[in-house]
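Given next are the chains, with one letter for each unit.
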Amino acid sequence: MNALDWLIVLGLNGAIIVYGLRRARGTSTSGEWFLGARALPWWAVGLSLFATSMDNSEFVSATGTIASEGLHFLSAHTFGGLFGATLATFVIVPAIYRAGLYTNSEYLEHRFGPGTRVLGALIQIQYRTSVLGLMIWSVYLTLVGVGDLRPGLAWALIILLVVLSGLYTALGGLRAVVATDVLQSVLVIAGGLAVCAAVWHAVGGWDVMMAELEALGTAAEGLAPGLQAADLAHVSSFRGRDGQTSPFVIFFAWILISAGWWTVSHTSTQRMMGARSLWDMKMAGVVGAGVSIVIFVFTDMLGLFGRARFPDFAQPDAMYPHLISTYLGVGAKGLVVAGVVSAAVSTFDSMGSSMSAVFTRDIYARFVARDREDAHYVRVGRIATVAILVLGFAYLPFIVRAPTMLAAFRSVTSVFVTPLLFVYLIGAVTRANRRVGMAGLVSGGLYGVIGLVDREVADVSWLPGWLTGQWEAFLWAIVFTAAGCAVAAIHPRWRRLSAATATADSGGWLAKSSEELGPIRAHPFDGRVPLLASPALYTGVLAAISAWLVFGLFW
């Protein structure tokens, strides 16, 4: 990269950061800082959801994974994202929204008691900071591989990005984060499409790429067991690293992984809960999932084109930076790297805002300092923002030693995130008693820990692969969590317990801050919602497109 490229990178992202600092002014109350005063329009929330989901690790990890394992990742980017968005905005988050709560962990106490709330909050912090580690590593790979920066300078720039994004997030909260996410989403889209167009043109299109893959056979470097290079273009070809896993198991695992991001992660639910009405929330889910499908379909192709042109490339996670460095010229390279950096910053601010809210409300205000002034908790949230961002660096050693970044993420997600997803669903759609939540988390989490130890620490000879395998673990996590919930639901001493309770500490700051949010609006229209404005209509269209892509075009 030359001086012009760096001017584009620093100029565009610097302008967005300055804008974020300006939007941060005037934020003073907890309702404004944590939830944007619940006044955010659907298009802003939707683009913010996209910007947060489309972080730079998605570009890097998807390209590397598809180059070695194939298009099975497309299941997450189509059906997975759409299912997660629909489950969150139509079922789970509206229940939290109507209860006047600030975090999804707060809802766990509302339904299942304080112990479940604390465990849910800790799971979220671990889950999202591990993703933050993935994103930090992918930024490093891009700055070194494309920007030709020395490692020390690359780390210095990453730390500077963390500090600046943490600054405007700490000052402005969700309102500043969503405002910058809208601009960052535009830059991410432009950069992603630019690299796709450049690589497509350089390779010569789809037919040329497929011919090159077919000519490679099994000669390409790092292909998953049993695959030929041409198989990478099919969702159903990948059968796991052991070559024995059903493609349908992998498909459903991706559904659960994506649904976990949309529902368990307060990074996404915080944005939905800041929407100005329930209709805005649902339309935001449609926008976030719809834009993601379009952009991800194009960027997922990069793994195929990269493998066709560089069959002996041995570092999957370095493939995306290598494509940028090889095929983009002056100016275009700067635009793409600007998009990568912008995606990183959007994730930094999102993680800082959401996880600091979880820590402040679900741990600090609930159990440490129960009834202070509103300004005190806003200040604690700002300090927690910085601490959360720093914590992401702790996961780098685990990420670096994994075969790919995505493999590291998959291995830890099934442990607690999938059980927590099921518990949220049970809470929203049933009247199950208050013991059910903790019973489900304990049974599902215990299975998850045993499976993680068997996969990553020490091979336990008496545990079969079909029970603890990386992909099978997601389905078994649901089974074990459901079993724990069922036992608690039918327990003779527990089944008569109240299914829900009032918000804890009803006379303290937690309850007072909920009153600040104001009345709940169903939609912004006079009368009924027009048919062409129906979120369900567009959800159905996206479902049909996803089915065509996964089971028709690429299966």
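Above this text is the structure in question.
Just so we're clear, the structure is a prediction, and the values are computed from it rather than from any experiment. (Residues numbered from 1 in each chain as written. Predicted model: local features only at pLDDT ≥ 70, side-chain atom pairs only at ≥ 80, totals over all residues. Heavy atoms only, no water.)

Looking at the overall build of the protein chain
In plain terms, the rule: By the criteria applied, helices consist of DSSP H or I runs no shorter than four residues and strands consist of E runs no shorter than two, each listed in order from the N terminus. Computation of the radius of gyration draws on C-alpha atoms alone. For the globule rule, the value is 2.2 Å times the number of residues to the power 0.38. Remark: exposure states derive from per-residue accessible area (1.4 Å probe, protein chains only) relative to the maximum for the residue type, with buried under 20%, exposed over 50%, and partly exposed in between. When checking whether two residues touch, look at their non-hydrogen atoms; a contact exists if any pair is within 4.5 Å. For the accessible areas, the method is Shrake-Rupley and the probe is 1.4 Å, while residue cover comes only from the protein chains on display. His residues and chain termini do not enter the charge count, which takes Lys and Arg as positive and Asp and Glu as negative. Working definition for charges: the position is that of NZ of Lys, CZ of Arg, CG of Asp or CD of Glu.
The helix and strand inventory of the protein chain stands at 22 helices and 0 strands. Taking 555 residues into account, the globule formula puts the C-alpha radius of gyration at 24 Å, and the protein chain, at 23 Å, falls close to it. On the principal axes, the C-alpha backbone points of the protein chain span a range of 70 × 55 × 50 Å. Residues classed as buried in the protein chain amount to 62% of the 555 residues present. Across the protein chain, contacts joining residues at least 24 apart in sequence account for 84% of those joining residues at least 6 apart. Accessible area of the protein chain: about 19,800 Å², with a carbon and sulfur share of 66%. Averaging the positions of the 36 positive and the 32 negative side-chain charges in the protein chain gives two centres separated by 11 Å.

Details of the packing of aromatic side chains
Which entries qualify depends on this criterion: Pairing of aromatic side chains requires ring centres within 6.5 Å, counting the rings of Phe and Tyr and the six-membered ring of Trp. Pairs whose planes differ by under 30 degrees are stacked, by over 60 edge-to-face, and all others tilted. We call a charge positioned over a ring when the NZ of a Lys or the CZ of an Arg lies within 6 Å of the ring centre and within 35 degrees of the ring normal.
Enumeration according to the criterion identifies 21 aromatic pairs in this entry. Ring pairs connect the aromatic residues Phe79, Phe248, Phe251, Phe252, Phe551 and Trp555, which therefore count as one cluster. For the cation-ring pair, Arg38 lies above Tyr97, with the distance from its terminal atom to the ring centre recorded as 4.3 Å.

Quick look at helix H5 (residues 74–98)
The cut-off we apply is this: A helix is expected to span 1.5 Å for every residue after the first. The quantity called bend is, for any residue, the angle between two axes fitted respectively to the seven residues ending at it and the seven beginning at it.
Here H5 contains 25 residues, and its C-alpha end-to-end distance of 34 Å stays within 8% of the 36 Å for a straight helix at 1.5 Å per residue. The largest bend in H5 comes to about 45 degrees, at Ala88. Here H5 lies mainly inside the structure; 20 of its 25 residues are buried. Following H5 by one or two positions, Gly100 has its phi on the positive side, about 70 degrees.

As for the nonpolar core
Our working definition: Throughout, nonpolar core names a set of buried Ala, Val, Leu, Ile, Met, Phe, Trp, Tyr and Cys residues whose side chains join them through atoms within 4.5 Å.
The biggest cluster of nonpolar side chains holds 150 residues, and the ones touching the most others in it are Leu143, Val195, Met209, Leu213, Leu304, Tyr320 and Phe348. Among the elements that line this core, the one with the most residues is helix H8 (residues 151–203), at 16 residues. Filtering out sequence-adjacent residues up to four positions away, Phe348 remains in contact with Leu132, Met135, Ile136, Leu161, Val162, Ser165 and Leu389.

Considerations on the side chain of Thr385
Definition in use: Whenever a nitrogen or oxygen atom comes within 3.5 Å of another N or O atom, the pair is scored as a polar contact, on the condition that within protein one atom can donate a hydrogen and the other can accept it, and that pairs from neighbouring residues in sequence are kept only if both atoms are in side chains.
As for its placement among the helices and strands, Thr385 is situated in helix H15 (residues 374–391). Taking the relative accessible area as the measure of exposure, Thr385 reaches 0% and is therefore buried. For Thr385, the side chain forms a polar contact with the side chain of Ser356, separated by 3.3 Å.

Considerations on the packing of helix H3 (residues 42–53) against H8
Selection criterion: A fitted line through C-alpha atoms serves as each axis, taken over the contacting stretch for helices, and the angle formed by two N-to-C directions is quoted from 0 to 180°. An angle below 35 degrees is treated as roughly parallel, one above 145 as roughly antiparallel, one from 65 to 115 as roughly perpendicular, and anything else as oblique. Helix crossings get a hand from a simple test, with the near helix turned counterclockwise from the far one by less than a right angle marking a left-handed crossing and a clockwise turn marking a right-handed one. By the convention adopted, Pro, Cys, Tyr, Trp, Phe, Met, Ile, Leu, Val and Ala count as nonpolar, Lys, Arg, Asp and Glu as charged, and the other residues, Gly among them, as polar.
In the contact formed by H3 and H8, the axes pass within 8 Å of each other and the chain directions differ by 60 degrees. For the element pair H3 / H8, the angle class is oblique. The chirality of how H3 crosses H8 is left-handed. Where H3 approaches H8, its residues Trp43, Ala44, Leu47, Ser48, Phe50, Ala51 and Thr52 are matched on the opposing element by Val178, Asp181, Val182, Ser185, Val188 and Ile189. Broken down by class, the residue content of the contact of H3 with H8 amounts to 9 nonpolar, 3 polar and 1 charged.

Observations concerning the pattern of salt bridges
The condition is simple: The salt bridge definition used is simple: a Lys or Arg side-chain nitrogen within 4 Å of an Asp or Glu carboxyl oxygen.
Summed over all chains, the structure comprises 6 salt bridges. In this structure, Arg309 and Glu212 form a salt bridge, with 3.2 Å as the shortest nitrogen-oxygen distance. You can see Arg309 sitting in helix H12 (residues 278–309) and its partner Glu212 sitting in helix H9 (residues 206–216), a full 97 residues away along the chain. Residue classification places Arg309 among the partly exposed residues on the basis of a relative accessible area of 31%. One salt bridge in this structure joins Arg276 and Asp280, with 3.0 Å as the shortest N-O distance. Take Arg276: its relative accessible area is 30%, and that puts it in the partly exposed class.

Focus on H12
With 32 residues, H12 extends 47 Å from end C-alpha to end C-alpha; this agrees with the ideal 46 Å at 1.5 Å per step. Residue Phe296 marks the point of greatest curvature in H12, where the axis turns by about 30 degrees. Most of H12 sits inside the fold, with 27 of its 32 residues counted as buried.

Side note on the packing of H8 against helix H14 (residues 332–368)
Running from N to C, H8 and H14 cross one another at 145 degrees; their axes reach a closest spacing of 6 Å. Both H8 and H14 take part in a crossing whose hand is left-handed. Here the residues of the contact of H8 with H14 sort into 17 nonpolar, 12 polar and 2 charged.

A look at a nonpolar patch on the surface
For the record, the criterion: Patch members must show over 30% relative accessible area and no salt bridge, and they are joined within 9 Å when carrying like charges or within 5 Å when they are nonpolar side chains of Val, Leu, Ile, Met, Phe, Trp or Tyr.
A surface patch of nonpolar side chains, amounting to about 560 Å² of accessible area, comprises Leu531, Leu532, Leu537, Tyr538, Val541 and Ile545. Structurally, Val541 is set in helix H22 (residues 535–553).

A closer look at the side chain of Arg366
If you trace the backbone, Arg366 turns up in helix H14. A polar contact is formed between the side chain of Arg366 and the side chain of Glu109, at a distance of 2.8 Å.

Some words on the environment of Gly285
Assignment of secondary structure puts Gly285 in helix H12. Relative accessible area serves as the criterion here: at 3%, Gly285 is assigned to the buried category. Separated by 198 residues in the primary sequence, Gly285 and Leu87 place their C-alpha atoms 9.6 Å from one another. Dropping the residues within four chain positions of it, Gly285 is found in contact with Leu49, Ala85, Thr89 and Trp262.

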